[in-house]
Amino acid sequence: MPVRHLLLLLYLCLHSAMATAQVYAVQGTVRDANTRERLPFVSIVVNEGETGTTSNLEGQYQIRHSRPITSLRFSYVGYTAQTAIPDSLSQIDMALYPAAAQLKEVVIRSGVNPAHRIIQLANQNRDRNRPENIPAYTYRTYNKFILTANPPEDLDLSDTLNLSPEDSSTLRMRDLLAKQHLFLMESITDYAHLSPNFSKETILATRVSGLQQPSFGVVAAEAREFSVYDDMPVFFGKRYLSPLSNGSIRRYDFVLQEAAVVGQDTVFIISYAPQQGKNFDGLKGLLYINSDGWAVQNVVAESYADDKRGLKLQQQFVKVDNRQWFPSELDVEITVQQIYMRGHQPYGHIRTYITNVNLSPPLRRSDFGIIALEQRPDAWRQPEQLWQQYRPDSLSSKEQVTYQRLDSVGREQKLDRTIRTMEYLMAKQIPVGPISLDLNRLFKVSRFEGMRLGIGAHTNNLLSERFTVGGYWGYGLRDKEYKYGADATIVLHKPSEFTLSAAFAEDVDEPGGRRLPFRERSLLRDLRPAILNHLDYSTQRSVALSGRMLRFVQLQAGLRQEQRRPTLPLFAPDSDVRLPEFNITEATVGMRFAYGEQYMQLFNRTMPMSTPYPVLWLQYTQGIDALNSDGYTYNKLDLRAEGTFRQRSLGETTVTLAGGLLQGDAPFVSLYNGYGSYSSTYNVYAGEGFETMRPYEFFSDRYAALFLSQDLGKRLLRTKFFKPDLVLVQNIGIGDLRQPIPDLLPLEYPNMRKGFFESGLMLNNVISSAFSGVGVGAFYRYGPYALPTAKDNLKLKLTATIAF
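What you see is a predicted model; the values in this text were computed from it and never measured.

Student: I would appreciate a short explanation of the overall build of the protein in the present structure.
Tutor: If you tally the helices and strands in the protein, you get 10 helices and 42 strands. Relative to its full complement of 804 residues, the protein shows a buried share of 48%. Taking contacts inside the protein between residues at least 6 apart in sequence as the whole, the part at least 24 apart equals 62%. In the structure as shown, the protein presents an accessible area of about 40,700 Å², 56% of it carried by carbon and sulfur atoms.

Student: Could you clarify how one ought to interpret the pattern of salt bridges in this entry?
Tutor: Any two side chains of opposite charge can pair, on the condition that their charged atoms come close. Taken as a whole and assessed by the stated rule, the structure comprises 43 salt bridges. With its nearest N and O atoms 3.0 Å apart, the salt bridge here joins Asp507 to Arg452. Taken as a pair, Asp507 in strand E27 (residues 498–509) and Arg452 in strand E24 (residues 450–459) lie far apart in primary sequence, 55 residues in all. Just as Asp507 is buried, Arg452 falls in that class too. Put simply, Asp736 and Arg738 hold a salt bridge, and the shortest N to O gap is 3.2 Å. Within this structure, Asp509, Arg515, Asp536, Arg560, Glu562, Arg564 and Glu586 form a network of salt bridges that share partners.

Student: What should I look at first to understand the sheet that holds strand E5 (residues 72–75) in this one?
Tutor: Adjacent strands of a sheet form backbone hydrogen bonds with each other and so pair up, either parallel or antiparallel. The strand order E3-E2-E5-E6 describes an open sheet built from four strands, whose pairing is antiparallel. Two strands in the sheet have a free side with no partner beyond their single neighbour: strand E3 (51–54) and strand E6 (82–84). Neighbour to neighbour, the strand axes of the sheet diverge by 20° on average, direction disregarded. Here strand E2 (residues 43–46) runs beside E5; their pairing, made up of four bridges, is antiparallel. Residue pairing for E5: Ser43 is matched across the bridge by Ser75.

Student: Looking at this structure, how should I read unusual backbone geometry?
Tutor: Among all residues except glycine, the phi angle is most often negative; among peptide bonds, the trans geometry is most common. In this structure, Pro196 follows Ser195 across a cis peptide bond, with omega equal to 5°. Inspection of the secondary structure puts Pro196 in the loop between strand E9 (183–194) and strand E10 (198–208).

Student: Hey, could you run me through the environment of Thr29 in this one?
Tutor: On the secondary structure map, Thr29 appears in strand E1 (residues 24–32). Residue Thr29 is classed as buried on the basis of its relative accessible area of 13%. The sequence separation of Thr29 and Asp93 amounts to 64 residues, and the corresponding C-alpha distance is 4.8 Å. Once residues lying within four places of it in the same chain are set aside, the contact partners of Thr29 are Arg38, Glu58, Gly59, Gln60, Tyr61, Ile92, Asp93 and Met94.

Student: Quick question: what am I supposed to make of the packing of aromatic side chains here?
Tutor: Two aromatic rings, taken as a pair, are described by how far apart their centres are and by the angle between their planes. Under the counting rule described, the total for this entry stands at 30 aromatic pairs. A centroid spacing of 5.7 Å and a plane angle of 70° characterise the contact between Tyr139 and Phe326, whose relative ring orientation is edge-to-face. With Tyr139 in strand E8 (residues 136–150) and Phe326 in strand E18 (residues 324–336), the pair connects residues that are 187 residues apart, well separated along the chain. Exposure class is identical for Tyr139 and Phe326. Each is buried. Between Phe698 and Tyr785 the ring centres are 5.1 Å apart and the planes differ by 75°, which places this aromatic pair in the edge-to-face class. Of this pair, Phe698 sits in the loop between strand E36 (672–673) and strand E37 (699–700) while Tyr785 sits in the loop between strand E41 (772–782) and helix H10 (790–793), placing them 87 residues apart in sequence.

Student: What should I look at first to understand the sheet that holds strand E4 (residues 60–65) in this one?
Tutor: Here three strands make up an open sheet; going across it, the order is E4-E1-E7 and the pairing mixed. Looking at which strands have only one partner, the edges of the open sheet turn out to be E4 and strand E7 (94–96). The average angle at which neighbouring strand axes cross in this sheet is 30°, direction not considered. Where E1 and E4 come together, six bridges link them in antiparallel fashion. Across the sheet, the residue bridging to Val26 is Ile63, located in E4.

Student: How do you make sense of helix H8 (residues 415–426) when you look at a structure like this?
Tutor: Every α-helical turn comprises 3.6 residues, leaving residues that sit three or four positions apart pointing alike. Between its first and last C-alpha, H8 extends 17 Å over 12 residues, near the 16 Å set by a 1.5 Å rise per residue. All buried positions along H8 are accounted for by Asp416, Arg420 and Glu423. Each buried residue of H8 lies within a common arc of 55° when the element is viewed along its axis, so the set occupies one face. Backbone geometry just after H8 places Lys428 at a positive phi near 60°.

Student: How should helix H2 (residues 114–124) be read in this particular structure?
Tutor: Among the residues of H2, Ala115, Ile118, Ile119, Leu121, Ala122 and Asn123 are the ones counted as buried. Each element contacted by the buried residues of H2 is listed here: helix H3 (126–129), strand E13 (252–262), strand E14 (265–274) and strand E15 (283–290). Measuring from the side-chain oxygen of the N-cap residue of H2 to the backbone nitrogen of Ala115 gives 2.9 Å; that N-cap residue is Asn113.

Student: Mind showing me how you'd approach empty space enclosed by the protein here?
Tutor: Gaps left between atoms are located by rolling a probe of water-molecule size over the structure's atoms. Under the criterion given, the structure shown has one cavity of 30 Å³ or more. By volume, the largest cavity is sized at about 40 Å³. Lining of the largest cavity is provided by Asn440, Arg441, Lys444, Arg452, Gly454, Ile455, Tyr472, Trp473 and Gly474.

Student: Just checking my understanding: could you explain a positive patch on the surface for this structure?
Tutor: Residues Arg250, Arg251, Lys278 and Arg648 make up a contiguous surface patch of positive charge. Tracing the backbone shows Arg250 in the loop between strand E12 (238–239) and E13. For Arg250, a relative accessible area of 57% puts it in the exposed group.

Student: How should I be thinking about the side chain of Gln275 in this particular structure?
Tutor: Structurally, the position occupied by Gln275 is in the loop between E14 and E15. Judged by its relative accessible area of 10%, Gln275 falls in the buried class. Within polar-contact distance, the side chain of Gln275 engages the backbone oxygen of Ile249 at 3.2 Å.

Student: Whenever I open this one, the side chain of Lys483 confuses me. Can you help?
Tutor: When you line up the elements, Lys483 lands in strand E26 (residues 482–493). Classification of Lys483 as buried rests on a relative accessible area of 1%. Reaching out from Lys483, the side chain makes a polar contact with the side chain of Glu449 at a distance of 3.0 Å. Polar side-chain contacts of Lys483 include one of 3.2 Å to the backbone oxygen of Glu481. When sequence neighbours within four positions are dropped, the list of residues in contact with Lys483 reads Glu449, Arg452, Tyr472, Trp473, Gly474, Gly476, Glu506, Asp507, Val508 and Tyr537.

Student: Sorry, what's going on with the pairing of E26 here?
Tutor: Put simply, side chains in a regular strand alternate between the two faces of the sheet. Where strand E25 (residues 467–476) lies against E26, nine bridges are found, and the strand directions are antiparallel. Bridge assignment links Val469 to a residue of E26, and that residue is Ala488. Adjacent in sequence and paired antiparallel, E25 and E26 are bridged by five residues, among which Lys480 carries a positive phi angle near 55°. Direction of pairing for E26 relative to E27: antiparallel, over a ladder of nine bridges. For Ile490, the partnering residue across the bridge sits in E27 and is Leu500. As consecutive antiparallel partners, E26 and E27 are separated by four residues, and within that stretch Glu497 has a phi angle of approximately 55°, a positive value.

Student: Even after reading the chapter, I still don't get the environment of Ala557, so can you show me in this structure?
Tutor: In this structure, Ala557 sits in strand E29 (residues 553–565). Since its relative accessible area comes to 35%, Ala557 is described here as partly exposed. Through-space distance from the C-alpha of Ala557 to that of Thr588 is 5.6 Å; in sequence the pair is 31 residues apart. Ignoring any residue separated from it by four or fewer positions in sequence, one finds Ala557 in contact with Val543, Ala544, Leu545, Thr588 and Val589.

Definitions and cut-offs
- Residues numbered from 1 in each chain as written.
- Predicted model: local features only at pLDDT ≥ 70, side-chain atom pairs only at ≥ 80, totals over all residues.
- Heavy atoms only, no water.
- Helix = DSSP H or I, 4+ residues; strand = E, 2+ residues; numbered from the N terminus.
- Buried < 20%, exposed > 50% of the residue type's maximum accessible area, 1.4 Å probe, protein only.
- Contact = heavy atoms within 4.5 Å.
- Areas by Shrake-Rupley, 256 points an atom, 1.4 Å probe, with all protein chains shown as cover.
- Salt bridge = Lys/Arg side-chain N within 4 Å of Asp/Glu carboxyl O.
- Pairing = 2+ DSSP bridges.
- Axes fitted to C-alpha atoms, helices over the stretch in contact; angles between N-to-C directions.
- Phe/Tyr/Trp six-rings, centres within 6.5 Å; stacked < 30°, edge-to-face > 60°.
- Expected span 1.5 Å × (residues − 1).
- Arc of directions from axis to C-beta.
- Polar contact = N/O pair within 3.5 Å; in protein donor to acceptor, adjacent residues only side chain to side chain.
- 1 Å grid on protein atoms, 1.4 Å probe; cavity = no way out; pocket = protein on both sides within 12 Å on 5 of 7 lines; lining within 4 Å.
- Points joined across faces, edges and corners; volume = space filled by probe spheres on them.
- Patch = residues over 30% accessible without salt bridge, like charges linked within 9 Å, V, L, I, M, F, W, Y side chains within 5 Å.
- Lys, Arg positive; Asp, Glu negative; His and termini not counted.
- Charge placed at Lys NZ, Arg CZ, Asp CG, Glu CD.

Right, here's the structure in full:
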């Protein structure tokens, strides 16, 4: 073959290959024609179904096709579909008009709803499409949080000469919002997951408007943890029934809005909302279900009947490595409807983009500790190049102005120092140089002490990260007694939290109370200590060694010597009788087991994160004849387990099991009291103990107790103006006093060997706001220890709830 023919053949082959490899591309942005708002999840079909895509959360799309693109069809629920002819254009921006008139949705229940088949197929494929079922994965996120405000709806601000002072303030706020946002925050994070429950997120970079050195960053925890594949996904602290849960077609109305053929697959767009007359916490929105694996490609969800907080969530999924549907973009909008700022309603907007997804990373369990969320020390001073690399788009002029103005205000107002102060308040400490004042020592209230004023202080990290020394002083205005104490702690091994501590205290303590290691009381959810009308005066010296052994186990061993001086009237019925003293020495070994528990390090402190598994406490105590004790020798075992479980139809169940056993020669103050929390003076739900039992009505040397509450939510009571949360309560206790207690002779103290029973009904959030509520509860005492008069067995109490 001549050379020229060979060259001609080579040219023809190359030209053919280039023609075959040619790619046609079109991109653009889809907006609302009236508001110019960008529209997410718009269906875009190429050449009547050859291929297609959907717009992202910014309304942007990009299409690459091996054939010439002759038509693009844009469709979106609630808008009139439009078709564009690209010709030679590579950039096509589309504006869709809201449908002028839409037929009212009609759901035919007697026939076959075509949407039901799609929903059932998506339900059957839930497990294979759950990202959490992937053995291991990693990814990087870019997160942006904007706080801004909506303009007032019905206020005429055109006549500026006749504006009231309130209207002028609204006008100034409108002008401000036209130039900048109220707040802006960005972050870049790395996230890693290893089955079954190991996870870690590291904030690599953070930027907060107004702050120079922020100690926190925004993460997409709420949007990421929401999964439409769960029966009861969590949506900002509240659980809703998923439209893909088992039996959802009996509770939700589904309407097949559109079926778009894209290549060999079909995307079914289905709207959903709770059926009329069905009483459950439901969502409304859109599901985009792809026939490729019957997976959710896009989801739009918002709260259906919550008139306190407006919540809207959008998620977009892409298929990674052609093997697994995985989230790619997340969006959350939050509006608190009762809050207004100068006539404007503020709202928050969180947007997250997920990149660098790796579905087969070489992760090991040793790569994960108990810290699930932490921020790198240099996260606040990362270069602009890193931000530009992971921002999906450059900052808008409005966002740039927000940073410029708020950063200037922050420096002038010294907002960094204000944030540090807020962090100290959260930690209940205010540092003054190397000393931190303990805020929890300043003020307390109880029936026994009345108002207690005091002060406390400890050394902080400026002095040493290895040891702390501190003390406190207080005075009760009712019992007119001083209380004081001192303690010292040294960290022997920081990774395992191995710590040696010693303490001395001249204070008060509950007679017959429970002491368990690593159990912190919630001041807002456990009000029982405030209602105790009698406390023992105590002089206590102790030393303890504690640390974390294994991942979820905390251990503590200690030695305690104390003198207890009870104030109960059974010891001193006459004011002239001197109160007895009990000198006790105890050796203890205790543990706390919290499977799956993790912590986060933000705001310069370590904070626990909730665990879905029960928490267990176990402690063994031995009374020993040593260190000036009165010779008491006994063995004591304490057990407590508590957990919260959620069911799709019954709501949230909270269970607490407690028990104890005491054997040997023990003083009266070492027994178990009945754990009552009734007071004739304070009619507030205590949250711990028996609500109809007086604190020291019973004493035992062995006992078992069950505290059970069932939060049904608004399932049974939901009207337009009255929709409280209904909570059922059942408490049962049994105890006995089998061994003689010389301190009580010749008195006999009642025990609970016949069983104590009480039931309750609470209507929480009768009056409520976005974050808190007040209700009422009724509790009735019955059984062998019921009081003679029926009305005395009934106790009415106020209840208080907090949404965080």
